[in-house]
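Each chain, written out:
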Amino acid sequence: MDWQGFVKDFKEMALYLAYNTNVDAIVYLKEDMVQRLIDEFGAEGVKKRIEEYPRQIDEPLDFVARLVHALKTGKPNAVPMFNQELNSWFDSHFKYDVERIGGQVGIIANLLANLNFKQVIAYSPILGKKQAEMFVDRNNLLYPTVEHEMLALKKAREAYRESDPVKVNRIFEFRKGMKFKLGGDLIEVPHSGRFIVSSRPDELRIETKDDIRPFLPKIGEMVDGVILSGYQGIKKFYPDGKTADYYLNRAKRDIELLKRNRDVKVHVEFASIQDKELRKKVVREIFPLADSVGMDEAEIAHILNVIGYPELSDRIFNYNRIEDVVLGGKIILDETNLEILQIHTIYYIMYITRSSNPLSEKELRSSLELATILAATRASLGDVKSPQDLTVGQKVPYNEQGEYVKLRFEEARRRIRTRGYKIVITPTRLVKQPVSTVGLGDTISAGAFSSYLALLKRKGVY
Ligand SMILES: Nc1ncnc2c1ncn2[C@@H]1O[C@H](COP(=O)(O)OP(=O)(O)O)[C@@H](O)[C@H]1O
Ligand SMILES: O=P(O)(O)OC[C@H]1O[C@](O)(CO)[C@@H](O)[C@@H]1O
Ligand SMILES: [Mg+2]
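All values reported here derive from a predicted model rather than from experimental measurement.

Engineer: Got a minute to help me understand the site of ligand 2 in this structure?
Structural biologist: As a structural note, the neighbourhood of ligand 2 is formed by 17 residues, with Asp 24, Lys 167, Asn 169, Arg 200 and Asp 442 the closest of them. Separating an oxygen atom of ligand 2 from a side-chain N or O atom of Asp 24 is a distance of 2.5 Å. Note that an oxygen atom of ligand 2 is positioned 2.9 Å from one of the side-chain N or O atoms of Asn 169. Contact with the protein chains covers 94% of the free accessible surface of ligand 2, which is 400 Å². Those elements giving two or more residues to the shell around ligand 2 turn out to be strand 2 (22–28), helix 6 (103–114), strand 8 (168–174) and strand 11 (193–199). In terms of residue class, the shell around ligand 2 is made up of 4 nonpolar, 9 polar and 4 charged.

Engineer: In this structure, what is going on with the nonpolar core? I would like to understand it.
Structural biologist: Tyr 16, Tyr 231, Phe 287, Met 295 and Met 350 are the most contacted members of the largest nonpolar core, which totals 126 residues. The dominant element in this core, judged by the number of residues it contributes, is helix 17 (residues 440–458), at 10 residues. Ignoring anything within four residues of it in the chain, the contact list for Tyr 16 reads Ile 121, Tyr 123, Pro 144, Leu 216, Ile 219, Val 223, Gly 225, Val 226, Ile 227 and Leu 258. The next biggest cluster of nonpolar side chains, apart from the first, holds 33 residues, and it includes Val 46, Ala 70, Trp 89 and Ile 187.

Engineer: Just to check I follow, could you spell out the pairing of strand 6 (residues 141–147) for this structure?
Structural biologist: For strand 6, the buried fraction is high: 5 of the 7 residues fall into the buried class. Direction of pairing for strand 5 (residues 119–122) relative to strand 6: parallel, over a ladder of 2 bridges. Within the sheet, the bridge partner assigned to Ile 121 lies in strand 6 and is Leu 142. Summarising the sheet, strand 6 and strand 7 (residues 150–155) pair through 6 bridges and their orientation is antiparallel. Across the sheet, the residue bridging to Thr 145 is Ala 152, located in strand 7.

Engineer: Is there a simple way to explain the site of ligand 1 in this structure?
Structural biologist: By nearness alone, 18 residues border ligand 1, and Arg 194, Asp 296, Thr 345, Gly 439 and Gly 441 come closest of all. Contact distances for ligand 1 include 2.7 Å between an oxygen atom and a side-chain N or O atom of Asp 296. At 2.9 Å from a nitrogen atom of ligand 1 is found a main-chain nitrogen or oxygen belonging to Val 431. Considering ligand 1 on its own, with 580 Å² of exposed area, one finds that the protein chains cover 93% of that surface. Counting residues per element, the shell around ligand 1 draws most heavily on helix 17, which supplies 4 residues. Partitioning the shell around ligand 1 into residue classes produces 9 nonpolar, 5 polar and 4 charged.

Engineer: I keep staring at empty space enclosed by the protein and nothing clicks. Help me out?
Structural biologist: Left-over empty space is what a probe sized like a water molecule reveals as it rolls over the atoms. Using the criterion set out here, one finds 3 cavities of 30 Å³ or more in the structure. In this structure, the largest cavity encloses a volume near 50 Å³. Surrounding the largest cavity, Tyr 19, Asn 20, Thr 21, Ser 124, Pro 125, Ile 126, Lys 167, Leu 204 and Ile 206 form its lining.

Engineer: Honestly, the UniProt feature "active site" (unreviewed entry) in the chain in this entry has me stumped. Any pointers?
Structural biologist: UniProt feature "active site" (unreviewed entry): in the numbering of this structure it lies at Asp 442. Topologically, Asp 442 is positioned in helix 17. Taking relative accessible area as the criterion, Asp 442 reaches 10% and is therefore assigned buried. Every residue in contact with Asp 442, bar those within four places of it in the chain, is listed here: Gly 103, Gln 104, Ile 107, Ile 108 and Glu 269.

Engineer: Help me out: how do you make sense of the environment of Lys 235 in this one?
Structural biologist: By the secondary structure assignment, Lys 235 is in the loop between strand 12 (225–228) and helix 9 (244–258). Taking the relative accessible area as the measure of exposure, Lys 235 reaches 8% and is therefore buried. Between the C-alpha atom of Lys 235 and that of Ile 101, which follows or precedes it by 134 residues, the distance is 23 Å. Excluding its chain neighbours within four sequence positions, the residues that come into contact with Lys 235 are Phe 82, Arg 200, Pro 201, Asp 202, Leu 204, Thr 243 and Ala 244.

Engineer: I keep staring at the sheet that holds strand 15 (residues 340–344) and nothing clicks. Help me out?
Structural biologist: Each strand in a sheet pairs with another by means of backbone hydrogen bonds, the pair being arranged parallel or else antiparallel. Pairing in this open sheet of 10 strands is mixed, and the strands run 7-6-5-1-12-13-14-15-16-17 from one edge to the other. Here the strands that pair on one side only, and so sit at the sheet edges, are strand 7 and strand 17 (421–427). Across the sheet, the mean angle separating the axes of adjacent strands is 25 degrees when strand polarity is ignored. Strands in contact with helix 16 (residues 402–415) are strand 16 (348–354) and strand 17; relative to strand 17, the strand with the most contacts, it is inclined by about 165 degrees.

Engineer: For this particular structure, what's the right way to read helix 14 (residues 361–381)?
Structural biologist: Given 3.6 residues to a turn, an α-helix orients residues that are three or four positions apart in the same direction. For helix 14, with 21 residues, the first-to-last C-alpha span of 30 Å sits near the 30 Å given by 1.5 Å per residue. Of all 21 residues making up helix 14, 15 are buried, and the element is well covered by its neighbours. Positive phi shows up at Gly 382, right after helix 14, with a value of about 95 degrees.

Engineer: Sorry if this is basic, but what is going on with unusual backbone geometry here?
Structural biologist: Phi is mostly negative for residues that are not glycine, and the peptide bonds are mostly trans. In this chain, Ala 18 is followed by Tyr 19 through a cis amide linkage whose omega measures 15 degrees. Structurally, Tyr 19 is set in the loop between strand 1 (14–18) and strand 2. The phi torsion at Asn 116 lies on the positive side, around 70 degrees, for a residue other than glycine. Structurally, the position occupied by Asn 116 is in the loop between helix 6 and strand 5. The phi dihedral of Asn 320 falls on the positive side, at around 50 degrees, and the residue is not glycine. Its place among the elements puts Asn 320 in the loop between helix 12 (310–319) and helix 13 (322–335). In this structure Asn 320 comes out as partly exposed when scored by relative accessible area, which is 23%.

Engineer: Can you walk me through the sheet that holds strand 2 in this structure?
Structural biologist: On the basis of which strands lie adjacent, the open sheet formed by 5 strands has the order 3-11-8-2-4 and mixed pairing. Since the sheet does not close on itself, it has two edges, and those belong to strand 3 (77–81) and strand 4 (98–102), each with one partner. Each adjacent strand pair in this sheet contributes to an overall mean axis angle of 25 degrees, direction not counted. Two elements, strand 8 and strand 11, share 5 bridges in a ladder whose sense is antiparallel. Within strand 11, the residue paired with Arg 170 across the bridge is Val 197.

The rules we used
- Position labels on residues start from 1 in each chain and follow its written sequence.
- Note on labels: chains are lettered from A, ligands numbered from 1, in written order.
- Only residues with pLDDT of at least 70 get local features here, since the model is predicted, and only at 80 or more are side-chain atom pairs given and counted; chain-wide, interface and lining totals rely on the full set of residues.
- Heavy atoms throughout the structure, all of them, feed into the side-chain values; hydrogens and water do not.
- Residue proximity to a molecule or strand is established when one non-hydrogen atom of the residue lies within 4 Å of it.
- Polar contact is the term for a pair of N or O atoms within 3.5 Å; when the atoms are in protein, one must be able to donate a hydrogen and the other to accept it, and sequence-neighboring residues count only if both atoms are side-chain atoms.
- Surface accessibility in these figures is a Shrake-Rupley result with a 1.4 Å probe; residues are shielded only by whichever protein chains are displayed.
- Numbering goes from the N terminus for both helices and strands, where a helix is a DSSP run of H or I of at least four residues and a strand is a run of E of at least two.
- Gly counts as polar in this scheme, as do all residues outside two lists: the nonpolar Ala, Val, Leu, Ile, Met, Phe, Trp, Tyr, Cys and Pro, and the charged Asp, Glu, Lys and Arg.
- Side-chain atoms within 4.5 Å link the members of a nonpolar core, which is a set of buried Ala, Val, Leu, Ile, Met, Phe, Trp, Tyr and Cys residues.
- Only protein chains enter the accessibility calculation, which uses a 1.4 Å probe. A residue is then buried if its area is under 20% of the maximum for its type, exposed if over 50%, and partly exposed in between.
- Residues are treated as being in contact if the distance between any of their heavy atoms lies within 4.5 Å.
- In short, DSSP must find at least two bridges between two strands for them to pair.
- Buriedness for pockets is judged along seven lines, at least five of which must meet protein on both sides within 12 Å for an open set on the 1 Å grid over protein atoms alone, while cavities are sets there where a 1.4 Å probe fits but cannot get out, and lining residues have an atom within 4 Å of a point.
- Grid points are joined across faces, edges and corners, and a volume is the space filled by probe spheres set on the points.
- UniProt positions are given in the numbering used here, feature names are shortened, and annotations may be inferred rather than shown by experiment.
- Axis definition: a line fit to C-alpha positions, over the contact stretch in the case of helices; interaxial angles, taken between N-to-C directions, run 0 to 180 degrees.
- A helix is expected to span 1.5 Å for every residue after the first.

What follows is the structure, given as structure tokens:
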């Protein structure tokens with residue numbers, strides 16, 4: 001795999017990222033910690049709350065129920081917490097093992113800057129000091145500000161505002177094979193992954209502030225691509241009477257502004273949105289303005305559930321069959337008129353695009369290859385600090401289901417209608433003892449989208 005070729009291309013590329021960055025306070029869960037939580041709240045109470053399936057964490061039992069549910073299924077998930085009074089409960093129950101930069105913007109900014117991109121412009125409407133100082137110390141990592149009515153790109157680490165709050169998410173990393181008892185049932189965690197308690201502080205607004213907005217057309221011209229995420233942080237209501245629609249309309253306008261002077265390609269990184277109405281709106285209103293979207297296996301099921309395909313959604317969630325993911329992917333691509341859709345799952349990564357896509361299947365596979373090497377590097381080392389680190393990821397073998405996955409994929413291609421589409425997969429390079437798993441999907445998507453753009457540029461079609 002010629003990842004060196006991509007790294008060379010990246011040196012000439014600039015990307016703009018918005019909107020979310022936060023601190024990830026990570027807890028590496030141990031069996032006894034889970035057991036203690038269940039014993040504290042009682043197995044029956046936990047089971048009952050799992051059935052009720054709270055979509056936000058308003059009290060500790062909501063957390064325990066959703067965590068145990070995530071452990072049972074082994075699926076990645078994130079649940080919002082609006083009530084800041086719960087912070088003290090969490091802090092008295094857990095010691096955080098590490099604090100790292102989080103949020104799609106935070107994770108992707110550091111990754112791309114360390115891969116020596118020409119320029120990475122990272123925007124987040126709030127940027128406290130502690131937050132800014134989690135950005136890597138690189139001159140190619142910039143934050144947009146306005147000085148003398150002109151756009152001024154400042155080194156991201158130095159662009160903080162003292163008074164801005166710092167948003168802390170709690171991340172619970174769990175590992176395959178962990179066992180615990182829920183009443184009479186012995187549960188074994190089927191896959192490694194993470195459960196996120198996403199804090200939603202009162203001050204949080206997902207938007208481009210009015211000072212920067214007029215410069216979005218210029219930024220769109222300056223960069224080779226845009227990665228947007230964070231829509232999951234939009235709330236239904238705000239104290240000043242504004243609603244989700246207000247911020248969604250602004251978000252739509254942001255994309256139009258970025259594309260105004262030049263049709264710059266926009267990737268949206270999807271994340272778990274518990275509120276079904278908001279989820280549907282993001283899919284129906286934001287996706288059609290994007291060129292590319294990335295998501296994980298739980299998220300494709302969540303999306304299909306709200307756009308009218310609940311049975312297919314359940315099948316993907318429960319059986320994770322590759323042909324169902326292909327079917328679901330085709331539906332999302334067509335209904336939201338995307339150029340390309342990328343789905344990352346524990347065993348494989350997939351691109352679905354139209355047969356008219358200028359890239360060949362081989363080229364598309366090489367883009368996914370780069371993505372899985374990046375993820376394997378991050379999983380092995382904790383961070384990708386330089387392009388040379390990729391030699392580590394390249395040595396990680398494909399997962400043991402890799403050959404089976406390829407076979408099932410070829411079978412699916414024969415069985416379902418794929419004429420009119422180009423669909424490619426690559427097995428993941430799964431690291432057995434990952435440093436952490438949070439952010440591996442963001443890493444995959446950033447690598448896939450950037451290398452996709454690099455290939456289009458090489459061909460002279462972008
Ligand atoms: N141990 C591992 N080694 C390499 N890649 C992994 C490992 N665990 C997970 N991955 C990859 O990371 C992806 C996680 O994506 P996602 O759920 O979107 O995470 P996040 O949103 O936290 O970035 C999985 O789909 C898989 O492809
Ligand atoms: O929804 P939020 O609060 O912006 O958080 C996004 C979460 O997703 C991640 O970016 C991983 O994809 C975490 O680092 C972060 O905690
Ligand atoms: Mg993700």
